[in-house]
Amino acid sequence: MTVSSEPTEGAAGSTQAILVMCAGVLCLVLNDSLAKWLMDHYAPLQIIFLRNLIALPLVTIMVVSVAGRAALPTRHPGLHLMRGAFSVFAALCFFLSIRALPLAEATSLIFAAPLFITALSVPLLREHVGLRRWTAVIVGFIGVLIIVRPGAATFQTASLLVLCAAMLYALMMISARWIARDESVWTTMFYIVLFPMLISGGLSWTEWQTPSLAHLPFFVAIAIVGSAGIVLITQAFRLAPAAIVAPFDYTALLWASLIGWLVWSEVPDGWTYAGAAVIIASGIYIVFRETRRPGTPVRPERISARSE
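Let me begin by describing the structure that accompanies this report.

1. A look at the overall build of the protein chain
At step 1: The number of helices and strands found in the protein chain is 13 helices and zero strands.
At step 2: In the protein chain, the succession of α and β elements from N to C terminus is α-α-α-α-α-α-α-α-α-α-α-α-α.
At step 3: Looking at the 308 residues of the protein chain, the share that counts as buried comes to 54%.
At step 4: Residue pairs in contact within the protein chain that sit at least 24 positions apart in sequence constitute 91% of those at least 6 positions apart.
At step 5: Looking at the protein chain as shown, the accessible area adds up to about 13200 Å², and 69% of this sits on carbon and sulfur atoms.

Encoded structure:
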């Protein structure tokens, strides 16, 4: 895959970026779906470890072929280690949640990640968030309450795991800003596979089960689609402005609803989609406001909910 460093101009470039974004989002929903299926047989940490173990040589080859061996060393090993920990525990929380929740409901709640990014950017990045974006964040969290409905008979504690995952994803994305100016996206991509592999490998041995040969193709598949999803989404943001590309991140809900229905006969209730609509509207408004801020580059990590 040829990775462009400059946005492609015109309607053709925007169309290409949208298609690439949708393909990347589909890949990450397939990643979640495969994890949900594999958790009938293996512990989540083992799945995270094997996914990254298989993905690491693929990502290494891609990084070296695109950016050369000079992209592999880092001046920020501690930051990459911290981001790796955020990644592992975010994935762990999300995977545990989809054991109990419909895939579409968990996907709707993970859309809260950009809301957390905006809110946390104030104390962690010293950014100014105006009244309009704070209002959008508050409205977005009202959408979260619509889905979760605390106090209702349908409330599930697994919903809180998704919100923990969203907050951890937000911390992982925000921490990328501390190294983004010093190192290329390819260096960041390499270490966001390497360190999660090492961390999850160290934690997974207490629940380790020897993988069945019949399941190995599924582990290979989850490694491929997970890595491809990140690459495609990154490329989409390089092909067109964030305001054009970011709203298509929310096509994840369509794919999650379809796969959940076809594979697990999951049919989320209307409250899930009503809350998702509120969260999506808030997220799109935040993207719109971000792109209007003069002199501030909008990166994928600022607004994408799909970060795995």
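2. Some thoughts on the environment of R289
At step 1: With respect to the secondary-structure elements, R289 resides in helix α12 (residues 270-291).
At step 2: Judged by its relative accessible area of 21%, R289 is partly exposed.
At step 3: C-alpha separation for the pair R289 and A136, spaced 153 residues apart in sequence, amounts to 9.9 Å.
At step 4: In this structure R289 touches R132 and R133, once residues within four positions along its chain are discounted.

3. Regarding the packing of aromatic side chains
At step 1: Within the structure shown, the criterion is met by ten aromatic pairs.
At step 2: Consider the rings of W205 and W208, whose centres lie 4.7 Å apart with planes at 35°: the pair is tilted.
At step 3: On the basis of relative accessible area, W205 is assigned to the exposed category, the value being 52%.
At step 4: With relative accessibility at 28%, the residue W208 sits in the partly exposed group.
At step 5: Here a set of aromatic residues connected by ring pairs shows up, and it is made of F49, W205 and W208.
At step 6: The ring of W264 has K36 sitting right over it, with the charged end atom 5.2 Å from the ring centre.

4. Observations concerning unusual backbone geometry
At step 1: In the Ramachandran plot, R149 falls in the positive-phi region, its phi being about 50° despite a non-glycine side chain.
At step 2: Owing to a relative accessible area of 16%, R149 belongs among the buried residues under this scheme.
At step 3: Backbone geometry places S265, a non-glycine residue, at a positive phi of 55°.
At step 4: Relative to the helices and strands, S265 is located in the loop between α11 (252-264) and α12.

Conventions adopted
- Here, residues in each chain are numbered from 1, in the same order as that chain's written sequence.
- Only residues with pLDDT of at least 70 get local features here, since the model is predicted, and only at 80 or more are side-chain atom pairs given and counted; chain-wide, interface and lining totals rely on the full set of residues.
- Working from all heavy atoms in the structure, the side-chain values ignore hydrogens and water.
- Per the convention used, a helix needs a DSSP run of H or I reaching at least four residues, while a strand needs a run of E reaching at least two, with both numbered from the N terminus.
- Note on classification: 1.4 Å probe, protein chains only; a residue is buried when its accessible area is under 20% of the maximum for its type, exposed when over 50%, partly exposed between these limits.
- Any two residues whose heavy atoms approach within 4.5 Å at even a single point are treated as in contact.
- The Shrake-Rupley method, run with a 1.4 Å probe, gives the accessible areas here. Residue values count only the displayed protein chains as cover.
- Each pair of aromatic rings taken from Phe, Tyr and Trp, with Trp reduced to its six-membered ring, is defined by centres within 6.5 Å and is described as stacked if the planes are under 30 degrees apart, edge-to-face if over 60, and tilted in the remaining cases.
- Criterion for a charge above a ring: Arg CZ or Lys NZ at most 6 Å from the ring centre, at most 35 degrees from the ring normal.

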